[in-house]
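Chain residues, written in single-letter form:
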Amino acid sequence: MWRKNRNTNKGATCMGVDLNRNWDVGFGGPGANGLKCSYLYHGEAALSEPETSGMDVFARGLQESQGVHVFIDFHSYGLYWLWPWGYDTCLPPTPDAVMQEEGCMAATEALTSVYGTAYKTHASAEMYAAAGATEDWAYHTLGAKYSYIVELRPEDDNVGFLLPDSQIEPTGEETFERPSAVG
């Protein structure tokens, strides 16, 4: 049930950084925390963690060699399909917001067609601010027009992060259902 990585935090008895608050777009802003024992602890600096800095280097290499058009960061749980911006609730929509929403709707319609699982869809910050999150980094830094965070099953707080075994395979099947073409 651990949300953060397992790295030690200098000067604290608490371990870990929330990697979805450690990216360099909006780092340290609303929805992140500088308290080392907080489950929303963003780390000492943007990309301070080996997981985020390594992914940044890898993804920038892809972007330079062939471009990155779609980026999806899978999380659990809650049944949400979210697009930028997430780091500030007062920002105007991205210039690609209409196409991002269309992509989201196509994906969730395909997903729903398999087992009837219904996802809530909206810009990330409409749920809550999350500064330093991956969907903003991938959109802003990599230029991935279709950049999303997907909160997979379950929706039920009584189950939380402990997805029953019986739902693991159906979650994978519906998540990888192919949507029809998007603009």
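In this text, all values refer to a predicted model and were calculated from it rather than measured experimentally.

**A few points about the pattern of salt bridges**
- For the coordinates displayed, the defined rule picks out six salt bridges.
- When the shortest N-O distance is used, the salt bridge between R60 and D24 registers 3.7 Å. Of this pair, R60 sits in helix α1 (residues 50–65) while D24 sits in the segment before α1, and the two are 36 residues apart along the sequence.
- Ionic pairing is found between K36 and E44, a salt bridge with its closest N-O pair at 3.4 Å.
- A single salt-bridge network, built from bridges that share partners, covers R3, D18 and R21.

**Brief notes about the sheet that holds strand β3 (residues 120–123)**
- Pairing within the open sheet is mixed, and its four strands lie in the order β1-β4-β2-β3. Strands at the two margins of the open sheet, each flanked by one partner only, are β1 (70–76) and β3. For this sheet, the mean angle separating the axes of adjacent strands, direction not counted, is 20°.
- Pairing between β1 and strand β4 (residues 146–152): seven bridges, direction parallel. Along β4, the bridge assignment pairs F74 with V150.
- Across the sheet, helix α2 (residues 97–115) lies against β2 (80–83), β3 and β4, angled at about 160° from β2, the strand it touches most.

**Quick look at the UniProt feature "active site" (unreviewed entry) in the protein chain**
- Those places that UniProt annotates as "active site" (unreviewed entry) correspond, in this numbering, to E151.
- Position of E151 relative to the elements: it lies in strand β4.
- Here E151 falls in the buried class, since its relative accessible area comes to 8%.
- Beyond its immediate chain neighbours, meaning those up to four positions away, E151 contacts H75, S76, Y77, G78, L79, Y80 and Y119.
- In this structure the side chain of E151 is engaged in a polar contact, spanning 3.4 Å, whose partner is the backbone nitrogen of Y77.

**Describing the packing of α2 against helix α4 (residues 165–175)**
- Following both chains from N to C, one finds α2 and α4 inclined at 140°, their axes separated by 8 Å at the closest point. When the interaxial angle is binned, α2 and α4 end up oblique. Like other packed secondary-structure pairs, α2 and α4 cross with a definite hand, here right-handed. Counting all contacts with α2, which are made through L111, V114 and Y115, the residues of α4 involved are P170, E173, E174 and T175.
- Per-class residue counts for the contact of α2 with α4 are four nonpolar, one polar and two charged.

Rules of the game
Residues numbered from 1 in each chain as written. Predicted model: local features only at pLDDT ≥ 70, side-chain atom pairs only at ≥ 80, totals over all residues. Heavy atoms only, no water. Salt bridge = Lys/Arg side-chain N within 4 Å of Asp/Glu carboxyl O. Helix = DSSP H or I, 4+ residues; strand = E, 2+ residues; numbered from the N terminus. Pairing = 2+ DSSP bridges. Axes fitted to C-alpha atoms, helices over the stretch in contact; angles between N-to-C directions. Contact = heavy atoms within 4.5 Å. UniProt positions renumbered as here; feature names shortened; annotations may be inferred. Buried < 20%, exposed > 50% of the residue type's maximum accessible area, 1.4 Å probe, protein only. Polar contact = N/O pair within 3.5 Å; in protein donor to acceptor, adjacent residues only side chain to side chain. Parallel < 35°, antiparallel > 145°, perpendicular 65-115°, else oblique. Left-handed = near helix turned anticlockwise from the far one by under 90°. Nonpolar A, V, L, I, M, F, W, Y, C, P; charged D, E, K, R; others polar.

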